[in-house]
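# Structural overview for review
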Amino acid sequence: MVGLLVQWWRLHSLTASYDQGIFTQVLWNGLHGHPFESTLSSQLSTNVIHGGEAPALGYRRLGQHFTPLLAIWIPFVGLGGPGALGVIQVLLITAAGLLLHRLARLWLPESLAAMVGISFFGANAVLGPTWGNFTDLCQLPLLVFVLLLALEKRSWILGLPAALLIPLVREDTGVVLVGIGVWLLVRQRRRWPIGLALIAWGGTWLVLVTTVLMPLFSEDTSRRFMLENFGQYLDGQEKASSLDVLHASLSQPLLLLRELVSPPDQTVRYLLGQALPLMFVPLVSLDSWLLMVLPLLGLLLAQGTNNPLSINIRYTFLVVPGLFAGAALWWRHHTGLFARRRWRALWAGALALSLLFTLTSNPNRSLSWLIPDSVSPWVHVSVGESWRHAAAAREALALVPPGATASATTQLVPSLARREVLVRFPNAISYRDREGLTRPVDWVVADLYRLRRYAPAFAEDQDVLEGARERLRDMGGRYGIRFLRDGVVVLRRGAGDQPGSREALQVWLR
């Protein structure tokens, strides 16, 4: 219930951001006969970022992230509207936690299994990303727990579909399946044929997708994402596949070891934060390490603009299933400790700390109504202020006709994403149509209030604010101001200004 309320607030206070818009547009386009297409994703492509092109209509996101399993949610976006994705994410993670409890119940007494389940729902690494933008990785924990349950019950009916679907979540989730296969080889040696089969399927699919299938759609993986995430191993290469990265990293063992623990303080904090709600048991559980080590290595060895070691973003879902299942297996051999009151008290205290750290970190600005976004300088948007501003923004968004081409600032993107052409302002106000011709968008919606509110504390918001001001100054003769209230401005191509609006806008451009 708490997760649903947080997602409701994010939707209605316009706190959701760019990734939520991408997934909404991808699935909405699928509903209208153009699966996996997204101009918002195109804006992140190497052709746009490095080549200077306009975002392209017809661009398929599968070149950036290969996520075929997302297609099952297409009907829900049509039925549930803009709030569907947040509900889906919360329900999937809730189902994963309940299934974890059922799995733990096969190994542990009821009270101990319940504590494992409660710890899942109190983990920063679970709550942070669940309360944020929708992510394709939210499908992973449930599938992993289904597979582990099937292995425990020796059920092919459950296990085979889960094993087949895990690599289809995203191009890198096959490594989780490889980890489960390795765990079977080490801990359940009599089941080595199953372990080898999981390793073969997960590893083969990972290589096939990243080296063969994704390049069919674009060069984004080889020319952008591999270089941004693993460029430290590639010695200035302009293009690299997953196999190139693997070879380059293994051929530089000293660099590999350095990256594994660098930066040491952040690595330690991440591991402690992941293990805290389980009273640090995963750190001493061989099963946890076997199940989570491969996806964890991928995070430790990567770099990039989205910090992979942030405990509040989507990458934690790669590690969480193995970490929790392994902890439950550790308790299987140490149930006597839970009978001691001191151990139960310590666990409850660790779980309380995890919840406290989650709340005070204000994950993905989902709790900005409660927790300040910054203390020095002070940035806090109250419930009333946020709601009043969101009302003005919704009034502005209602002016943009369904299906019209548009450009919008980040927090307005999810609300406008159910259309073929939407790009992010101020980065772009044009797009390439299906014939390759560059065309201007018809509508621009910019939230200058929000940018000015956060700019003093956050350099990224300051940069976007400066870019928005510069872009708006340059658009005067081509776009007319149709709405301006509380810093939210709507402009329409070829229209005239509302009386007095140009002067009022100058106040926000200073």
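Everything quoted here is computed from the prediction, not taken from an experiment. (Residues numbered from 1 in each chain as written. Predicted model: local features only at pLDDT ≥ 70, side-chain atom pairs only at ≥ 80, totals over all residues. Heavy atoms only, no water.)

## A short note on the pairing of strand β7 (residues 488–493)
Here strand β5 (residues 443–447) runs beside β7; their pairing, made up of five bridges, is antiparallel. Paired with Ala446 across the bridge in β7 is Val489. In the sheet, strand β6 (residues 479–485) pairs with β7 via six bridges, with the strands oriented antiparallel. Looking across to β7, one finds that Leu484 is bridged to Val489. Where β6 folds back on β7, the antiparallel hairpin that results is connected by two residues, among which Asp486 adopts a positive phi of roughly 55 degrees. (Pairing = 2+ DSSP bridges. Helix = DSSP H or I, 4+ residues; strand = E, 2+ residues; numbered from the N terminus.)

## A word on the pattern of salt bridges
As enumerated under the stated definition, the model contains 24 salt bridges in all. Note that Arg434 and Glu37 form a salt bridge whose closest N and O atoms lie 3.0 Å from each other. Of the two residues, Arg434 is situated in the loop between β3 (430–432) and β4 (438–440) and Glu37 in the loop between α2 (18–31) and α3 (39–42); the sequence distance between them amounts to 397 residues. Here Arg434 falls in the partly exposed class, since its relative accessible area comes to 38%. On the basis of relative accessible area, Glu37 is assigned to the buried category, the value being 4%. Salt bridges sharing common partners tie together Glu37, Arg60, Glu420 and Arg434. (Salt bridge = Lys/Arg side-chain N within 4 Å of Asp/Glu carboxyl O. Buried < 20%, exposed > 50% of the residue type's maximum accessible area, 1.4 Å probe, protein only.)

## Side note on the environment of Trp107
For Trp107, the position within the fold is in helix α6 (residues 84–107). Classification of Trp107 by relative accessible area gives buried; the value is 10%. Distance from Trp107 to Glu152, taken between C-alpha atoms, is 9.6 Å for residues 45 residues apart in sequence. Not counting residues up to four positions away in its chain, the partners in contact with Trp107 are Glu152, Ala325, Ala328, Leu329 and Arg332. (Contact = heavy atoms within 4.5 Å.)

## Regarding the sheet that holds β6
Overall, mixed pairing links the five strands, which are arranged β2-β1-β5-β7-β6 in an open sheet. This sheet does not close on itself; its edge strands, each paired only once, are β2 (422–424) and β6. Averaged over all pairs of adjacent strands, the angle between strand axes in this sheet comes to 20 degrees, irrespective of strand direction. Direction of pairing for strand β1 (residues 406–408) relative to β5: parallel, over a ladder of three bridges. Residue pairing across strands places Ala406 opposite Trp443, the latter belonging to β5. In the packing of helix α21 (residues 383–397) onto the sheet, contacts are made with β5, β6 and β7, and the angle to β6 comes to roughly 150 degrees. (Axes fitted to C-alpha atoms, helices over the stretch in contact; angles between N-to-C directions.)

Worth remembering: the numbers are spatial, not functional.
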